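The primary structure of each chain is shown beneath.
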Amino acid sequence: KIFLHRNNLTWKEINECLEQYSDNKIDRVILTGLDDVNLVEYIKHSSERTFLFTGGGILKDSLLSIDGVKIIHIHPGIVPEVKGADCFFWSYLLKGRAGYSIFYMNSGIDTGDILFKKEFDLDFSTMNICHYKNEDIYHAILNFYDPCLRIMTFIKLLESACAELQLTINKVDMQKITHEAQNPDQGRVYFFMHRDLKDFVIDKLKGLN
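This structure is a prediction, so every number in the text was calculated from the model and none was measured.

Caption draft 1: Molecular detail of the overall build of the chain. Of the regular secondary structure elements, the chain holds six helices and six strands. Start at the N end of the chain and walk to the C end: the helices and strands fall as α-α-β-α-β-β-α-β-β-α-β-α. Relative to a compact globule of 209 residues, whose C-alpha radius of gyration would be 17 Å, the chain shows 18 Å and is just as compact. Expressed as lengths along the three principal axes of its C-alpha atoms, the size of the chain is roughly 50 × 40 × 35 Å. Long-range contacts, defined here as pairs at least 24 residues apart, represent 64% of the contacts in the chain between residues at least 6 apart. Working note: accessible area of the chain is about 12,800 Å², and carbon and sulfur atoms make up 53% of it. For the chain, the separation between the mean place of its 24 positive charges and that of its 29 negative charges on side chains is 0 Å.

Here's what the structure looks like:
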């Protein structure tokens, strides 16, 4: 079950996106925020027990404590080493690659039990990003490039789970995938990059063009 975070999209844009999945049942729940009681009640009474969270931030206990429910998140950083915000850029600065971790969410900052990790070499050779302003590149990466790497990581997790459980994709129970606990005291939590450091990283990415 996937909840779509509206962000700055219009309902027209969202509906055009959902039309591509007309064969699948889409539940639309109108919410004021993640702590809306309607969301809690929806999840409590849903037949699904595993959900994918694609937004940012820390979920409250009202969601995390629902009996039998697990919420999965795809984080742009290899945990526990790289937790927090702007982690696509922190990962490239620290490791020269983009790293992704999939885990069950808990009350900490990116400290949940780990399901899968993957790193990607970055290649902008087919893109003329040098002609764009750094701020535009920053938002383009977050809105388009990073989500593609997240879904590629998720696909690899599903392929791994199918092989591990010897099941087809529609038979895989996402709560039965092998996972490992994190030590919440390990690693480091990063914050949004200062503009000067962000420019430094994006200039390095331009060098990949």
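Moving on, there is more to tell.
Caption draft 2: Structural context of the sheet that holds strand β4 (residues 98–104). Spatially, four strands are ordered β1-β2-β4-β5 in an open sheet, and the strand pairing comes out mixed. If you trace the sheet from one side to the other, it starts and ends with β1 (50–53) and β5 (114–120), each paired once. Pairs of neighbouring strands in the sheet enclose a mean axial angle of 15°, with direction left out of account. Two elements, strand β2 (residues 70–75) and β4, share four bridges in a ladder whose sense is antiparallel.

Caption draft 3: Unusual backbone geometry, seen in detail. Residue proline 80 is bonded to the preceding valine 79 through a cis peptide linkage, with omega at 5°. Notably, aspartate 110 is not glycine yet its phi reads approximately 60°, a positive angle. For aspartate 110, the position within the fold is in the loop between β4 and β5. The backbone of glutamine 166 shows a phi angle near 55°, a positive value even though the residue is not glycine. For glutamine 166, the position within the fold is in the loop between α5 (134–165) and β6 (188–190).

Caption draft 4: Expanded view of helix α6 (residues 195–206). Between the first and last C-alpha of α6 there are 16 Å, a value that for twelve residues agrees with the 16 Å anticipated at 1.5 Å per step. What α6 keeps buried is the set Lys198, Val201, Ile202, Leu205 and Lys206. Viewed along the axis of α6, the buried residues span an arc of 150°, placing them on a single side of the element. Contacts made by the buried residues of α6 are with α4 (87–95) and α5.

Caption draft 5: Looking closely at the side chain of serine 91. Along the chain, serine 91 falls in helix α4. Judged by relative accessible area, serine 91 falls into the buried class, the value being 3%. What serine 91 contacts, discounting residues up to four positions off in sequence, is Pro76, Gly77, Val82, Gly96, Arg97, Ala98 and Gly99.

Caption draft 6: Main features of the pairing of β1. Taking every second residue as pointing to the same face, both faces of β1 are buried, with Thr50 and Leu52 on one and Phe51 and Phe53 on the other. In this structure, β1 lies alongside β2, joined through four bridges in parallel fashion. Across the sheet, residue phenylalanine 51 finds its bridge partner in β2, namely isoleucine 71.

Caption draft 7: Quick look at the side chain of lysine 83. On the secondary structure map, lysine 83 appears in strand β3 (residues 82–84). In terms of polar contacts, lysine 83 uses its side chain to reach the backbone carbonyl oxygen of glutamine 186, at 2.9 Å. Those residues in contact with lysine 83, other than ones at most four positions away along the chain, are His75, Ile109, Asp110, Thr111, Gln182, Pro184, Gln186, Gly187, Arg188, Val189 and Tyr190.

Conventions adopted
Residues numbered from 1 in each chain as written. Predicted model: local features only at pLDDT ≥ 70, side-chain atom pairs only at ≥ 80, totals over all residues. Heavy atoms only, no water. Helix = DSSP H or I, 4+ residues; strand = E, 2+ residues; numbered from the N terminus. Rg over C-alpha atoms; globule rule 2.2 N^0.38 Å. Contact = heavy atoms within 4.5 Å. Areas by Shrake-Rupley, 256 points an atom, 1.4 Å probe, with all protein chains shown as cover. Lys, Arg positive; Asp, Glu negative; His and termini not counted. Charge placed at Lys NZ, Arg CZ, Asp CG, Glu CD. Pairing = 2+ DSSP bridges. Axes fitted to C-alpha atoms, helices over the stretch in contact; angles between N-to-C directions. Expected span 1.5 Å × (residues − 1). Buried < 20%, exposed > 50% of the residue type's maximum accessible area, 1.4 Å probe, protein only. Arc of directions from axis to C-beta. Polar contact = N/O pair within 3.5 Å; in protein donor to acceptor, adjacent residues only side chain to side chain.

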